[in-house]
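Fold and geometry: a report
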Amino acid sequence: MPQLSDDCFAHGGGAMTIDEALALFRARVAPVAETEAVPLAEADGRVLAADIHAHTALPPFDNSAVDGYAVRHADLTPDQDSRLAVVDRLQAGDAAGTLAPGTAVRIFTGAPMPAGADTVYMQEDVEARDGIAILPPGLARGANRRPAGEEIAAGAMALPAGTRLRPQEIALAAGIGLDRLTVRRRLRVAIFSTGNELVEPGAVRGPAQVFDTNRLLLAGLLGRLGIAVSDLGILRDEPAGLAAALRAAAADHDLVLTTGGVSTGEADHVKPAVEASGRLDVWRFAIKPGRPLALGTVAGTAFCGLPGNPVAVYVTFTHIVRGLIAALGGEAWRRPRPMAARAGFNHKKRLGRTEFVRVTLADGPDGIPVATRFAIEGAAVIRSLTETDALMVLPDATERVTRGDLVGIVPIAGLA
Ligand code: AMP
Ligand code: MG
(Lines give C-alpha, C1' and ligand atoms only; values in the text may rest on other atoms or scores of the structure.)
(Ligands and ions follow the chains in the order given, each with its own letter.)
Protein backbone atom coordinates (compact mmCIF):
# COMPACT_ATOMS: atom_id res chain seq x y z
CA MET A 1 0.00 0.00 0.00
CA PRO A 2 1.54 3.38 -0.82
CA GLN A 3 1.66 5.37 2.42
CA LEU A 4 0.73 8.95 1.76
CA SER A 5 1.76 11.74 4.07
CA ASP A 6 -1.08 13.43 5.92
CA ASP A 7 -0.64 16.71 4.06
CA CYS A 8 -0.40 15.02 0.67
CA PHE A 9 -3.44 16.86 -0.64
CA ALA A 10 -2.97 20.14 1.20
CA HIS A 11 -3.11 23.24 -0.93
CA GLY A 12 -3.41 26.99 -0.63
CA GLY A 13 -7.15 27.03 -0.10
CA GLY A 14 -8.55 29.09 -2.98
CA ALA A 15 -10.33 27.81 -6.06
CA MET A 16 -8.41 25.22 -8.01
CA THR A 17 -8.25 24.39 -11.69
CA ILE A 18 -8.33 20.87 -13.07
CA ASP A 19 -4.80 21.27 -14.43
CA GLU A 20 -3.52 22.37 -11.01
CA ALA A 21 -5.15 19.34 -9.42
CA LEU A 22 -3.61 16.98 -11.97
CA ALA A 23 -0.17 18.55 -11.50
CA LEU A 24 -0.51 18.16 -7.74
CA PHE A 25 -1.33 14.45 -8.10
CA ARG A 26 1.68 13.95 -10.37
CA ALA A 27 3.99 15.77 -7.96
CA ARG A 28 2.82 14.30 -4.66
CA VAL A 29 1.42 10.81 -5.20
CA ALA A 30 3.88 7.94 -5.59
CA PRO A 31 2.74 4.90 -7.59
CA VAL A 32 2.24 1.46 -6.11
CA ALA A 33 5.67 -0.19 -6.05
CA GLU A 34 4.73 -3.83 -6.60
CA THR A 35 5.05 -5.22 -10.10
CA GLU A 36 4.33 -8.55 -11.75
CA ALA A 37 5.25 -10.19 -15.05
CA VAL A 38 2.11 -11.10 -16.98
CA PRO A 39 1.74 -13.09 -20.22
CA LEU A 40 0.88 -10.89 -23.20
CA ALA A 41 -2.57 -12.45 -23.39
CA GLU A 42 -3.33 -11.02 -19.94
CA ALA A 43 -1.65 -7.64 -20.35
CA ASP A 44 -4.52 -5.67 -21.89
CA GLY A 45 -5.26 -2.61 -19.78
CA ARG A 46 -2.28 -3.04 -17.46
CA VAL A 47 0.30 -0.32 -16.87
CA LEU A 48 3.86 -0.97 -18.03
CA ALA A 49 6.29 -0.73 -15.09
CA ALA A 50 9.54 -0.11 -17.03
CA ASP A 51 10.67 1.00 -20.48
CA ILE A 52 10.74 -1.79 -23.05
CA HIS A 53 13.68 -1.87 -25.45
CA ALA A 54 13.62 -4.09 -28.51
CA HIS A 55 16.06 -7.02 -28.42
CA THR A 56 15.02 -7.86 -31.95
CA ALA A 57 14.72 -5.31 -34.72
CA LEU A 58 11.31 -4.88 -36.29
CA PRO A 59 11.06 -6.09 -38.96
CA PRO A 60 13.88 -8.52 -38.14
CA PHE A 61 15.07 -8.80 -41.78
CA ASP A 62 14.64 -6.92 -45.06
CA ASN A 63 11.46 -8.15 -46.72
CA SER A 64 9.03 -7.41 -49.49
CA ALA A 65 6.02 -5.19 -48.79
CA VAL A 66 4.09 -6.48 -51.83
CA ASP A 67 3.56 -9.44 -54.13
CA GLY A 68 5.79 -8.85 -57.17
CA TYR A 69 9.36 -9.07 -58.45
CA ALA A 70 12.54 -8.26 -56.54
CA VAL A 71 15.41 -6.75 -58.52
CA ARG A 72 18.71 -4.93 -58.19
CA HIS A 73 17.88 -1.33 -59.02
CA ALA A 74 21.29 -0.96 -60.70
CA ASP A 75 20.21 -3.55 -63.29
CA LEU A 76 17.33 -1.39 -64.56
CA THR A 77 17.59 0.63 -67.75
CA PRO A 78 16.55 4.24 -67.18
CA ASP A 79 13.80 5.59 -69.47
CA GLN A 80 12.79 2.26 -71.00
CA ASP A 81 11.51 -1.19 -70.09
CA SER A 82 13.97 -3.62 -68.56
CA ARG A 83 13.79 -7.35 -69.24
CA LEU A 84 15.14 -9.65 -66.54
CA ALA A 85 15.03 -13.44 -66.28
CA VAL A 86 12.94 -14.66 -63.33
CA VAL A 87 15.22 -17.18 -61.66
CA ASP A 88 13.58 -17.99 -58.32
CA ARG A 89 10.41 -17.77 -56.29
CA LEU A 90 10.27 -16.67 -52.63
CA GLN A 91 7.22 -16.95 -50.43
CA ALA A 92 6.89 -15.67 -46.87
CA GLY A 93 8.83 -18.04 -44.66
CA ASP A 94 11.26 -19.15 -47.40
CA ALA A 95 14.97 -18.67 -46.84
CA ALA A 96 16.49 -16.19 -49.28
CA GLY A 97 19.74 -16.67 -51.17
CA THR A 98 21.56 -14.11 -53.29
CA LEU A 99 20.12 -12.46 -56.38
CA ALA A 100 22.48 -12.90 -59.33
CA PRO A 101 23.10 -9.63 -61.18
CA GLY A 102 20.82 -9.17 -64.20
CA THR A 103 18.03 -11.39 -62.82
CA ALA A 104 14.77 -11.01 -60.90
CA VAL A 105 12.91 -13.21 -58.40
CA ARG A 106 9.20 -13.69 -58.03
CA ILE A 107 8.55 -12.57 -54.43
CA PHE A 108 5.54 -12.42 -52.11
CA THR A 109 4.66 -10.12 -49.22
CA GLY A 110 6.76 -10.83 -46.15
CA ALA A 111 9.33 -12.97 -47.96
CA PRO A 112 12.94 -12.04 -47.18
CA MET A 113 14.73 -9.96 -49.81
CA PRO A 114 17.52 -11.97 -51.46
CA ALA A 115 20.97 -10.49 -50.83
CA GLY A 116 21.68 -7.90 -53.50
CA ALA A 117 18.02 -7.14 -54.26
CA ASP A 118 16.97 -3.67 -53.14
CA THR A 119 13.72 -2.91 -54.97
CA VAL A 120 10.40 -4.70 -55.55
CA TYR A 121 8.00 -4.18 -58.46
CA MET A 122 4.32 -4.69 -57.69
CA GLN A 123 3.01 -7.57 -59.78
CA GLU A 124 0.30 -5.29 -61.22
CA ASP A 125 3.04 -3.21 -62.89
CA VAL A 126 4.90 -6.12 -64.43
CA GLU A 127 4.30 -8.17 -67.53
CA ALA A 128 5.73 -11.67 -67.10
CA ARG A 129 6.21 -13.80 -70.21
CA ASP A 130 8.22 -16.99 -70.81
CA GLY A 131 10.25 -16.60 -67.66
CA ILE A 132 11.06 -12.93 -68.39
CA ALA A 133 9.75 -10.00 -66.35
CA ILE A 134 9.15 -6.80 -68.34
CA LEU A 135 9.72 -3.93 -65.90
CA PRO A 136 8.67 -0.34 -66.68
CA PRO A 137 11.10 2.50 -65.93
CA GLY A 138 10.72 5.06 -63.16
CA LEU A 139 10.53 2.93 -59.99
CA ALA A 140 12.60 4.45 -57.16
CA ARG A 141 15.39 2.43 -55.63
CA GLY A 142 14.15 0.77 -52.42
CA ALA A 143 10.50 0.83 -53.48
CA ASN A 144 8.22 -1.72 -51.79
CA ARG A 145 11.01 -3.03 -49.60
CA ARG A 146 10.69 -3.03 -45.80
CA PRO A 147 14.20 -2.64 -44.41
CA ALA A 148 15.19 -4.49 -41.24
CA GLY A 149 14.67 -2.21 -38.23
CA GLU A 150 12.55 0.25 -40.20
CA GLU A 151 10.00 0.30 -37.39
CA ILE A 152 12.29 -0.28 -34.40
CA ALA A 153 16.05 -0.73 -34.49
CA ALA A 154 17.49 -3.43 -32.21
CA GLY A 155 18.09 -1.83 -28.82
CA ALA A 156 15.75 1.12 -29.41
CA MET A 157 12.86 2.02 -27.11
CA ALA A 158 9.65 0.27 -28.11
CA LEU A 159 7.29 1.21 -25.27
CA PRO A 160 7.85 3.67 -22.42
CA ALA A 161 7.13 2.94 -18.76
CA GLY A 162 3.70 4.19 -17.76
CA THR A 163 1.97 3.07 -20.93
CA ARG A 164 -1.48 1.65 -20.35
CA LEU A 165 -1.34 -1.33 -22.66
CA ARG A 166 -3.90 -1.63 -25.41
CA PRO A 167 -4.14 -4.40 -28.00
CA GLN A 168 -1.85 -2.45 -30.33
CA GLU A 169 0.92 -2.12 -27.69
CA ILE A 170 0.61 -5.83 -26.94
CA ALA A 171 0.90 -6.61 -30.66
CA LEU A 172 4.07 -4.50 -30.79
CA ALA A 173 5.53 -6.37 -27.81
CA ALA A 174 4.76 -9.65 -29.57
CA GLY A 175 6.38 -8.31 -32.75
CA ILE A 176 9.69 -7.85 -30.95
CA GLY A 177 9.48 -11.34 -29.54
CA LEU A 178 8.38 -10.76 -25.96
CA ASP A 179 5.96 -13.13 -24.28
CA ARG A 180 5.53 -11.32 -20.94
CA LEU A 181 5.51 -7.74 -19.75
CA THR A 182 6.25 -6.36 -16.32
CA VAL A 183 3.34 -4.27 -15.14
CA ARG A 184 2.35 -2.51 -11.94
CA ARG A 185 0.00 -4.44 -9.75
CA ARG A 186 -3.68 -3.65 -10.15
CA LEU A 187 -4.97 -0.85 -8.00
CA ARG A 188 -7.49 -1.74 -5.32
CA VAL A 189 -10.22 0.82 -4.88
CA ALA A 190 -13.08 0.77 -2.36
CA ILE A 191 -16.26 2.62 -3.22
CA PHE A 192 -19.33 3.55 -1.28
CA SER A 193 -22.24 5.92 -1.49
CA THR A 194 -23.43 8.15 1.31
CA GLY A 195 -26.94 9.39 1.88
CA ASN A 196 -29.97 8.55 3.98
CA GLU A 197 -32.11 8.92 0.87
CA LEU A 198 -30.41 6.10 -1.03
CA VAL A 199 -31.68 2.57 -1.52
CA GLU A 200 -30.33 -0.28 -3.60
CA PRO A 201 -31.80 -0.61 -7.10
CA GLY A 202 -34.61 -3.16 -6.91
CA ALA A 203 -35.25 -2.62 -3.19
CA VAL A 204 -38.46 -1.18 -1.81
CA ARG A 205 -38.19 2.58 -2.18
CA GLY A 206 -39.64 4.88 0.47
CA PRO A 207 -41.47 8.04 -0.60
CA ALA A 208 -38.41 10.30 -0.22
CA GLN A 209 -35.84 7.81 -1.43
CA VAL A 210 -33.94 7.37 -4.69
CA PHE A 211 -32.11 4.41 -6.11
CA ASP A 212 -28.32 4.49 -5.82
CA THR A 213 -26.88 5.10 -9.27
CA ASN A 214 -23.36 6.21 -8.42
CA ARG A 215 -21.80 2.99 -7.20
CA LEU A 216 -22.60 1.22 -10.44
CA LEU A 217 -21.34 4.18 -12.41
CA LEU A 218 -18.05 4.24 -10.51
CA ALA A 219 -17.63 0.46 -10.42
CA GLY A 220 -17.97 0.36 -14.20
CA LEU A 221 -15.60 3.25 -14.83
CA LEU A 222 -13.01 1.76 -12.47
CA GLY A 223 -13.48 -1.73 -13.85
CA ARG A 224 -12.67 -0.49 -17.35
CA LEU A 225 -9.36 0.71 -16.01
CA GLY A 226 -8.52 -2.78 -14.78
CA ILE A 227 -8.97 -1.83 -11.15
CA ALA A 228 -10.05 -4.33 -8.48
CA VAL A 229 -13.15 -2.69 -7.01
CA SER A 230 -14.58 -3.40 -3.56
CA ASP A 231 -18.16 -2.24 -3.38
CA LEU A 232 -18.87 -1.35 0.23
CA GLY A 233 -22.48 -0.37 -0.26
CA ILE A 234 -24.51 2.59 1.00
CA LEU A 235 -23.56 4.35 4.21
CA ARG A 236 -25.95 6.48 6.23
CA ASP A 237 -25.18 10.13 6.88
CA GLU A 238 -23.86 9.39 10.31
CA PRO A 239 -20.26 10.25 11.27
CA ALA A 240 -19.39 7.32 13.56
CA GLY A 241 -20.52 4.67 11.07
CA LEU A 242 -18.80 6.49 8.21
CA ALA A 243 -15.57 6.83 10.17
CA ALA A 244 -15.47 3.12 10.99
CA ALA A 245 -16.21 2.11 7.39
CA LEU A 246 -13.53 4.45 6.05
CA ARG A 247 -10.92 3.14 8.46
CA ALA A 248 -11.68 -0.46 7.57
CA ALA A 249 -11.56 0.25 3.84
CA ALA A 250 -8.30 2.19 4.10
CA ALA A 251 -6.49 -0.83 5.49
CA ASP A 252 -6.45 -2.85 2.27
CA HIS A 253 -7.09 -0.41 -0.56
CA ASP A 254 -5.05 2.14 -2.47
CA LEU A 255 -7.93 4.58 -2.71
CA VAL A 256 -11.27 5.00 -1.00
CA LEU A 257 -13.81 6.72 -3.20
CA THR A 258 -17.17 7.95 -1.98
CA THR A 259 -19.98 9.97 -3.50
CA GLY A 260 -22.27 12.42 -1.77
CA GLY A 261 -21.98 14.25 1.49
CA VAL A 262 -19.11 16.58 0.61
CA SER A 263 -21.00 19.77 -0.20
CA THR A 264 -21.13 22.37 2.54
CA GLY A 265 -24.68 21.65 3.68
CA GLU A 266 -25.14 20.88 7.35
CA ALA A 267 -25.94 17.22 6.65
CA ASP A 268 -22.40 16.64 5.46
CA HIS A 269 -20.66 14.04 7.54
CA VAL A 270 -17.85 12.87 5.34
CA LYS A 271 -15.44 15.53 6.55
CA PRO A 272 -15.56 14.65 10.27
CA ALA A 273 -15.54 10.94 9.39
CA VAL A 274 -12.32 11.28 7.40
CA GLU A 275 -10.76 13.54 9.98
CA ALA A 276 -11.36 10.92 12.67
CA SER A 277 -8.37 9.01 11.25
CA GLY A 278 -6.71 11.36 8.80
CA ARG A 279 -6.99 14.68 7.14
CA LEU A 280 -9.34 16.17 4.59
CA ASP A 281 -8.83 19.08 2.24
CA VAL A 282 -11.79 20.43 0.35
CA TRP A 283 -10.79 21.34 -3.19
CA ARG A 284 -13.07 23.96 -4.64
CA PHE A 285 -13.16 23.76 -8.38
CA ALA A 286 -14.72 26.40 -10.54
CA ILE A 287 -16.36 23.77 -12.73
CA LYS A 288 -19.93 22.93 -13.63
CA PRO A 289 -21.04 20.33 -12.95
CA GLY A 290 -18.59 19.25 -10.30
CA ARG A 291 -17.31 21.16 -7.31
CA PRO A 292 -16.34 20.57 -4.59
CA LEU A 293 -14.14 17.53 -4.26
CA ALA A 294 -12.78 16.31 -0.96
CA LEU A 295 -9.24 14.94 -1.06
CA GLY A 296 -7.62 13.40 1.93
CA THR A 297 -5.92 10.54 3.63
CA VAL A 298 -7.34 7.92 5.96
CA ALA A 299 -4.58 6.13 7.83
CA GLY A 300 -2.17 6.93 4.99
CA THR A 301 -4.50 5.77 2.20
CA ALA A 302 -5.82 8.20 -0.41
CA PHE A 303 -9.41 9.29 0.03
CA CYS A 304 -11.53 11.10 -2.52
CA GLY A 305 -15.07 12.27 -1.87
CA LEU A 306 -17.02 13.11 -5.02
CA PRO A 307 -20.22 15.11 -5.28
CA GLY A 308 -23.52 13.22 -5.16
CA ASN A 309 -25.11 14.14 -8.45
CA PRO A 310 -24.38 11.46 -11.06
CA VAL A 311 -23.27 13.79 -13.85
CA ALA A 312 -20.96 15.57 -11.42
CA VAL A 313 -19.58 12.14 -10.49
CA TYR A 314 -18.95 11.38 -14.16
CA VAL A 315 -17.26 14.69 -14.93
CA THR A 316 -15.08 14.78 -11.83
CA PHE A 317 -14.15 11.12 -12.22
CA THR A 318 -13.20 11.33 -15.89
CA HIS A 319 -11.32 14.62 -15.59
CA ILE A 320 -9.87 14.71 -12.08
CA VAL A 321 -9.99 11.35 -10.27
CA ARG A 322 -8.64 9.78 -13.45
CA GLY A 323 -5.42 11.71 -12.83
CA LEU A 324 -5.21 10.46 -9.25
CA ILE A 325 -5.66 6.89 -10.45
CA ALA A 326 -2.92 7.44 -13.04
CA ALA A 327 -0.57 8.75 -10.35
CA LEU A 328 -1.32 5.81 -8.02
CA GLY A 329 -1.05 3.30 -10.85
CA GLY A 330 2.21 4.68 -12.31
CA GLU A 331 0.49 5.58 -15.57
CA ALA A 332 1.46 8.39 -17.91
CA TRP A 333 -1.93 9.94 -18.55
CA ARG A 334 -2.96 13.23 -20.02
CA ARG A 335 -6.23 15.01 -19.69
CA PRO A 336 -8.40 14.39 -22.75
CA ARG A 337 -7.61 17.04 -25.35
CA PRO A 338 -10.72 18.68 -26.81
CA MET A 339 -11.40 18.48 -30.53
CA ALA A 340 -13.03 21.19 -32.63
CA ALA A 341 -16.78 21.49 -33.14
CA ARG A 342 -19.18 24.32 -33.82
CA ALA A 343 -21.72 25.41 -31.26
CA GLY A 344 -25.24 24.88 -32.55
CA PHE A 345 -26.70 27.14 -29.85
CA ASN A 346 -26.19 30.36 -27.96
CA HIS A 347 -25.02 30.05 -24.38
CA LYS A 348 -24.05 32.46 -21.65
CA LYS A 349 -21.79 31.29 -18.84
CA ARG A 350 -20.00 32.61 -15.82
CA LEU A 351 -16.47 33.91 -16.37
CA GLY A 352 -13.81 32.05 -14.42
CA ARG A 353 -15.61 28.72 -14.50
CA THR A 354 -15.15 25.70 -16.74
CA GLU A 355 -18.42 24.22 -17.95
CA PHE A 356 -19.00 20.74 -19.33
CA VAL A 357 -22.08 20.97 -21.54
CA ARG A 358 -23.40 17.64 -22.75
CA VAL A 359 -23.93 17.72 -26.50
CA THR A 360 -24.89 15.58 -29.47
CA LEU A 361 -22.91 15.90 -32.68
CA ALA A 362 -24.12 16.11 -36.26
CA ASP A 363 -22.20 16.54 -39.51
CA GLY A 364 -21.56 20.22 -40.26
CA PRO A 365 -21.57 21.80 -43.73
CA ASP A 366 -17.83 22.55 -43.56
CA GLY A 367 -16.83 19.12 -42.22
CA ILE A 368 -16.67 20.36 -38.62
CA PRO A 369 -19.31 18.69 -36.42
CA VAL A 370 -22.11 20.81 -35.03
CA ALA A 371 -22.89 20.36 -31.32
CA THR A 372 -26.41 20.54 -29.95
CA ARG A 373 -26.97 20.94 -26.23
CA PHE A 374 -28.99 18.29 -24.37
CA ALA A 375 -32.36 19.73 -23.43
CA ILE A 376 -32.21 19.22 -19.65
CA GLU A 377 -29.14 20.68 -18.03
CA GLY A 378 -29.00 19.61 -14.37
CA ALA A 379 -26.16 17.64 -12.82
CA ALA A 380 -28.67 15.00 -11.75
CA VAL A 381 -29.78 14.17 -15.30
CA ILE A 382 -28.15 10.87 -16.24
CA ARG A 383 -29.83 10.96 -19.63
CA SER A 384 -27.54 13.85 -20.50
CA LEU A 385 -24.79 11.21 -20.60
CA THR A 386 -26.70 8.36 -22.22
CA GLU A 387 -28.16 10.37 -25.10
CA THR A 388 -25.20 12.55 -26.03
CA ASP A 389 -21.90 12.14 -27.82
CA ALA A 390 -19.54 14.54 -26.13
CA LEU A 391 -18.79 17.01 -23.38
CA MET A 392 -18.34 20.52 -24.72
CA VAL A 393 -15.63 22.03 -22.54
CA LEU A 394 -16.09 25.78 -22.16
CA PRO A 395 -12.99 27.22 -20.50
CA ASP A 396 -12.81 29.76 -17.69
CA ALA A 397 -12.12 32.68 -20.01
CA THR A 398 -15.25 32.12 -22.12
CA GLU A 399 -18.22 34.28 -21.23
CA ARG A 400 -20.60 33.45 -24.02
CA VAL A 401 -20.89 31.05 -26.91
CA THR A 402 -22.68 32.10 -30.06
CA ARG A 403 -24.12 29.70 -32.62
CA GLY A 404 -21.37 28.91 -35.14
CA ASP A 405 -18.45 29.53 -32.74
CA LEU A 406 -15.61 27.02 -32.74
CA VAL A 407 -15.59 25.19 -29.40
CA GLY A 408 -13.76 22.22 -27.88
CA ILE A 409 -15.48 18.89 -27.32
CA VAL A 410 -14.31 15.70 -25.65
CA PRO A 411 -16.05 12.61 -27.03
CA ILE A 412 -17.73 10.50 -24.37
CA ALA A 413 -16.53 7.41 -26.24
CA GLY A 414 -12.95 8.33 -25.29
CA LEU A 415 -13.89 8.73 -21.64
CA ALA A 416 -15.76 5.42 -21.22
P1 AMP B 1 -25.03 15.36 -1.89
O2 AMP B 1 -23.74 15.64 -2.60
O3 AMP B 1 -24.92 14.26 -0.91
O4 AMP B 1 -25.57 16.62 -1.29
O5 AMP B 1 -26.05 14.88 -3.00
C6 AMP B 1 -26.40 15.70 -4.09
C7 AMP B 1 -27.55 15.06 -4.87
O8 AMP B 1 -27.11 13.83 -5.43
C9 AMP B 1 -28.77 14.72 -4.02
O10 AMP B 1 -29.93 14.94 -4.80
C11 AMP B 1 -28.61 13.25 -3.75
O12 AMP B 1 -29.82 12.58 -3.50
C13 AMP B 1 -27.99 12.77 -5.04
N14 AMP B 1 -27.20 11.57 -4.81
C15 AMP B 1 -26.20 11.45 -3.92
N16 AMP B 1 -25.66 10.23 -3.96
C17 AMP B 1 -26.36 9.54 -4.91
C18 AMP B 1 -26.28 8.22 -5.42
N19 AMP B 1 -25.37 7.36 -4.95
N20 AMP B 1 -27.14 7.87 -6.39
C21 AMP B 1 -28.04 8.75 -6.86
N22 AMP B 1 -28.16 10.00 -6.42
C23 AMP B 1 -27.32 10.41 -5.45
MG1 MG C 1 -25.97 13.38 0.53
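Provided above is the structure to which this section pertains.
Attention here is on the structure that accompanies the text. Sequence order as written defines residue numbering, which begins from 1 separately in each chain. Note on labels: chains are lettered from A, ligands numbered from 1, in written order. Reporting of local features is limited, given that this is a predicted model, to residues whose pLDDT is at least 70; pairs of side-chain atoms are given and counted only at 80 or more, and all residues count toward the totals for whole chains, interfaces and linings. Computation of side-chain values: all heavy atoms of the structure, hydrogens and water removed.

Okay, the sheet that holds strand β13 (residues 188-194) next. If DSSP finds at least two bridges between two strands, the strands pair. Strands are runs of DSSP state E lasting at least two residues, helices are runs of H or I lasting at least four, and both sets are numbered from the N terminus onward. Reading across from one edge, β16-β13-β17-β21-β20-β18 is the order of the 6 strands in this open sheet, with mixed pairing throughout. Of all strands in the sheet, those with a lone pairing partner are β16 (228-235) and β18 (278-283), marking the two edges. Shown here is a sheet whose adjacent strand axes are inclined to one another by a mean of 20°, direction ignored. In this structure, strand β17 (residues 255-259) lies alongside strand β21 (residues 301-306), joined through 5 bridges in parallel fashion. Residue pairing across strands places Thr-258 opposite Gly-305, the latter belonging to β21. In this analysis an axis means a line fitted to C-alpha atoms, helices contributing only their contacting stretch, and an angle means the value between N-to-C directions, from 0 to 180 degrees.

We call Phe, Tyr and Trp rings a pair once their centres come within 6.5 Å, taking the six-membered ring for Trp, and we label the pair stacked below 30 degrees between planes, edge-to-face above 60, and tilted otherwise. In this structure the tally under the stated criterion is 4 aromatic pairs. Ring centres of Phe-9 and Trp-283 lie 6.1 Å apart, and the angle between their planes is 70°; this geometry places the pair in the edge-to-face category. With Phe-9 in the segment before α1 (18-28) and Trp-283 in strand β18, this pair connects stretches of sequence that are 274 residues apart. Of the two residues, Phe-9 and Trp-283, neither departs from the other in class, the shared state being buried. In this structure an aromatic cluster arises from ring pairing among Phe-9, Phe-25, Trp-283 and Phe-285. Using a 1.4 Å probe on the protein chains alone, a residue whose accessible area is under 20% of its type maximum counts as buried, one over 50% counts as exposed, and one in between counts as partly exposed.

So, on to the pairing of strand β20 (residues 293-298). The buried count for β20 comes to 6 of 6 residues, which makes it a mostly enclosed element. Taking every second residue as pointing to the same face, both faces of β20 are buried, with Leu-293, Leu-295 and Thr-297 on one and Ala-294, Gly-296 and Val-298 on the other. Here β18 runs beside β20; their pairing, made up of 6 bridges, is antiparallel. Looking at β20, one finds that Val-282 is bridged to Ala-294. The pairing of β20 with β21 spans 5 bridges and is classified as antiparallel. Following the sheet pairing, Gly-296 is matched in β21 by Phe-303. Connecting the antiparallel pair β20 and β21 is a turn made up of 2 residues, with Ala-299 showing a positive phi of about 50°.

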